[in-house]
Amino acid sequence: MKQYELREQMNSITEPPGKTWFWELAAGVIDADRCIQCGTCVAVCPSNSIGVNEETNLPELIKMCTGCSQCWSYCPRGGLRYEATWPPSTPETDVPIPEENLVTRPDPGDAYWKITGGDPGAGLGRVLEAYAVRAARRPDGAQDGGAVSALLCGLLDAGAIDGALVSKPSDDPNEPWKGVATIATTAAEVRAAAGSFYNQTMALAELDLSTYALPPKPRIATVGTPCEVQGLAAMQLRKWPTGAHRVDAVVLTVALLCTKSFDYEKLIVDELERRRVVDMERVSKIDVIRGRLIVEYADGAIAVDEPIKEFHGAALKGCDECADFLGRSADISVGSVGSSDGWTSLLVRSDRGREAVERARGSLDIRHLDDPQALLRLDAFDRRTAVEALERNFDPDGSFFIDFASHVKNYTGSYRAPVFLRH
Ligand SMILES: Cc1cc2nc3c(=O)[nH]c(=O)nc-3n(C[C@H](O)[C@H](O)[C@H](O)COP(=O)(O)OP(=O)(O)OC[C@H]3O[C@@H](n4cnc5c(N)ncnc54)[C@H](O)[C@@H]3O)c2cc1C
Ligand code: SF4
Ligand code: SF4
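Residues numbered from 1 in each chain as written. Chains lettered and ligands numbered in written order. Predicted model: local features only at pLDDT ≥ 70, side-chain atom pairs only at ≥ 80, totals over all residues.

Colleague: Sorry, what's going on with the overall build of the protein chain here?
Modeller: Each helix and strand counted, the protein chain has eleven helices and 15 strands in total. Per-residue burial for the protein chain yields a buried fraction of 47% across its 423 residues. In the protein chain, the share of contacts with a sequence separation of at least 24, taken over all contacts with a separation of at least 6, comes to 71%. (Helix = DSSP H or I, 4+ residues; strand = E, 2+ residues; numbered from the N terminus. Buried ≥ 20, exposed ≤ 12 C-beta atoms within 10 Å, placed from the backbone. Contact = placed C-beta atoms within 7 Å.)

In structure tokens, the structure reads:
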């Protein structure tokens, strides 16, 4: 591989201690099939040395790696202890979770390891307000209540943001259900990007804003899966010169509740088109809801309605390890669970989030959240799955081993937590 050739060439150079190189990220995450295609490593690299491979949609080295270690340190499947980006909640800002639903690693000697995020992580995380929301004018193609699109349009109309990082349908007519990251700068572009795409887009790589017509100090809202928001939150909390990527421009983060995402080819092409002979041109909606994958045609006929576990082989393997269904690092979390059909569950987690909802209020219908317990139940299931996957993947007898326990115990408030990688 290209990056290992570079490594060979650099073998005679004395290496300062404590460096972690891109090829270690490649070995521990990308080549190990654990990458969840968030784009954090691309965005954080100060020398713009990491790009996106167009064929695989995975990060690749495009220039010399300087060994600055940041791609490893901020990667949600590498050195980032993402629970550290979850703001602490208080009894007033958290919805309690029953003790029996808390999942802890079965290691009594390791009091700090708790995949809920430790003490502050129980319940729904920091929640200032919880609502069911729908768009006052629902955009075509919205997934649930169209709350996200309406919020972004309201913020653009109010002049509160200059653009929004969203996911639009691919321009390639052969891939209409493939989501592609883009910065929408008009309400029309936001509406055209409504709906959920069940593939990861390397979204944070799109924060190189140089190809967009934006003011010199742009204000960008980002919509993304919780792992993307984790990377972003870490980069904003612990500032680091990030090369071409304008992490500093992000003024609002919206996390889509998420238990798993998929590989586009495996889900849409292999599972739906080939195996189930779905005519993708007639499809008007794909939804993952109540544990099922549902594919609907424009005439209302249901093309597929099967348990989501039937599609597990098409899911990203790195999603198994993820314990952040609720997007706890975000300013606002949104999802379908917890509200009736046609509404979006919306958790306001920060003052930035509260202000955004206020500014866009005229575009939104808002009422109380129907069923917060439904969110807690799915979160507990998600964390259980994550604990099982971590125990499976980090068997010390395996081909590589990341000592998560040491990683957590040595955690001192810095995201540059020590992680031991053994090949
Ligand atoms: C992979 C994935 C898994 C999800 N899993 C769950 C779940 O298990 N439970 C649950 O309650 N909700 C889940 N959601 C969230 C849910 O599908 C809706 O996105 C959410 O309820 C908002 O609906 P809305 O009608 O308000 O948004 P809309 O107004 O339709 O806007 C959705 C916004 O999200 C953006 N977007 C769509 N796909 C992506 C993507 N892949 N990456 C980044 N941005 C994207 C769109 O561009 C648009 O701006 C998931 C979403 C995704 C993408
Ligand atoms: S998980 Fe994200 S940060 Fe880690 S290698 Fe993949 S794209 Fe990069
Ligand atoms: S399950 Fe977790 S890792 Fe996978 S896409 Fe969703 S937030 Fe990211």
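Colleague: Explanation requested: the environment of V304 in the structure shown.
Modeller: Residue position: V304 is located in strand β10 (residues 302-307). In sequence terms V304 and V278 are 26 residues apart; their C-alpha atoms lie 8.0 Å from each other. When sequence neighbours within four positions are dropped, the list of residues in contact with V304 reads L272, R276, V278, L293, I294 and V295.

Colleague: What is the right way to look at the site of ligand 1 in this model?
Modeller: What surrounds ligand 1 is a group of 33 residues, the closest being V148, S149, V166, S167 and G335. Every element with two or more residues in the shell around ligand 1 is listed here: α5 (147-157), β4 (163-169), β6 (220-224) and β11 (332-335). The greatest single-element share of the shell around ligand 1, amounting to three residues, is contributed by α5. Of the residues assigned to the shell around ligand 1, the class counts are 16 nonpolar, 16 polar and one charged. (Near = placed C-beta within 6 Å. Nonpolar A, V, L, I, M, F, W, Y, C, P; charged D, E, K, R; others polar.)

Colleague: Help me understand the pairing of strand β8 (residues 283-289), please; the structure alone is not making it clear to me.
Modeller: Remark: a regular strand shows side chains that alternate across the two faces of the sheet. Across six bridges, the pairing between β8 and strand β9 (residues 292-297) is antiparallel. In the sheet register, V283 faces β9, and the bridge partner there is Y297. The turn joining β8 and β9, which pair antiparallel and follow one another in sequence, is formed by two residues; a positive phi near 50 degrees is taken by R290. (Pairing = 2+ DSSP bridges.)

Colleague: Would you mind going over the sheet that holds strand β13 (residues 364-368) with me for this structure?
Modeller: Within a sheet, adjacent strands bond to each other through the backbone by hydrogen bonds, running parallel or antiparallel. Across the sheet, which stays open at both edges, the eight strands sit in the order β5-β4-β6-β7-β11-β12-β3-β13 with mixed pairing between neighbours. At either margin of the open sheet sits one strand with a lone partner, and together these are β5 (179-184) and β13. Neighbouring strand axes in the sheet, compared pairwise and without regard to direction, differ in orientation by 30 degrees on average. Pairing between strand β3 (residues 129-135) and β13: five bridges, direction antiparallel. Bridge assignment links A132 to a residue of β13, and that residue is R367. Contacts between α5 and the sheet are confined to β3, β4, β6, β7 (250-256), β11, β12 (344-348) and β13, with β3 contributing the most and set at about 85 degrees to the helix. (Axes fitted to C-alpha atoms, helices over the stretch in contact; angles between N-to-C directions.)

Colleague: Please explain unusual backbone geometry as it appears in this structure.
Modeller: Both trends apply: most residues other than glycine have a negative phi, and most peptide bonds are in trans. The backbone of N48 sits at a positive phi, close to 50 degrees, despite the residue not being glycine. The residue N48 is located in the loop between α3 (40-44) and β1 (50-52) in this model. Take N48: there are 15 C-beta atoms within 10 Å of it, and that puts it in the partly exposed class. With a phi angle near 50 degrees, R290 is a residue other than glycine that sits in the positive phi range. The topology assignment puts R290 in the loop between β8 and β9.

Colleague: How do you make sense of the sheet that holds β9 when you look at a structure like this?
Modeller: Judged by pairing direction, the sheet is antiparallel, and its three strands sit side by side in the order β8-β9-β10 without closing on themselves. Unpaired on one side and paired on the other, β8 and β10 mark the two borders of the sheet. Going across the sheet, the axis of each strand differs from the next one's by a mean of 5 degrees, ignoring polarity.

Colleague: What exactly am I supposed to notice about the nonpolar core here?
Modeller: One recurring pattern in soluble globular proteins: nonpolar side chains tend to sit buried together. Among the nonpolar cores identified, the biggest contains 108 residues, and C71 and A164 are the most heavily contacted of them. Top contributing element to this core by residue count: α5, with eight residues. (Core = buried A, V, L, I, M, F, W, Y, C linked by C-beta atoms within 7 Å.)

Colleague: Help me out: how do you make sense of the site of ligand 2 in this one?
Modeller: Near ligand 2 there are 15 residues, and of these C35, C38, T40, C41 and C75 occur at the shortest range. The set of elements that each furnish at least two residues to the shell around ligand 2 consists of α2 (22-30) and α3. When residues in the shell around ligand 2 are grouped by element, the largest group, three residues, is from α2. Looking at the shell around ligand 2 residue by residue, the classes come out as ten nonpolar, four polar and one charged.

Function cannot be read off these values alone, since they describe shape.
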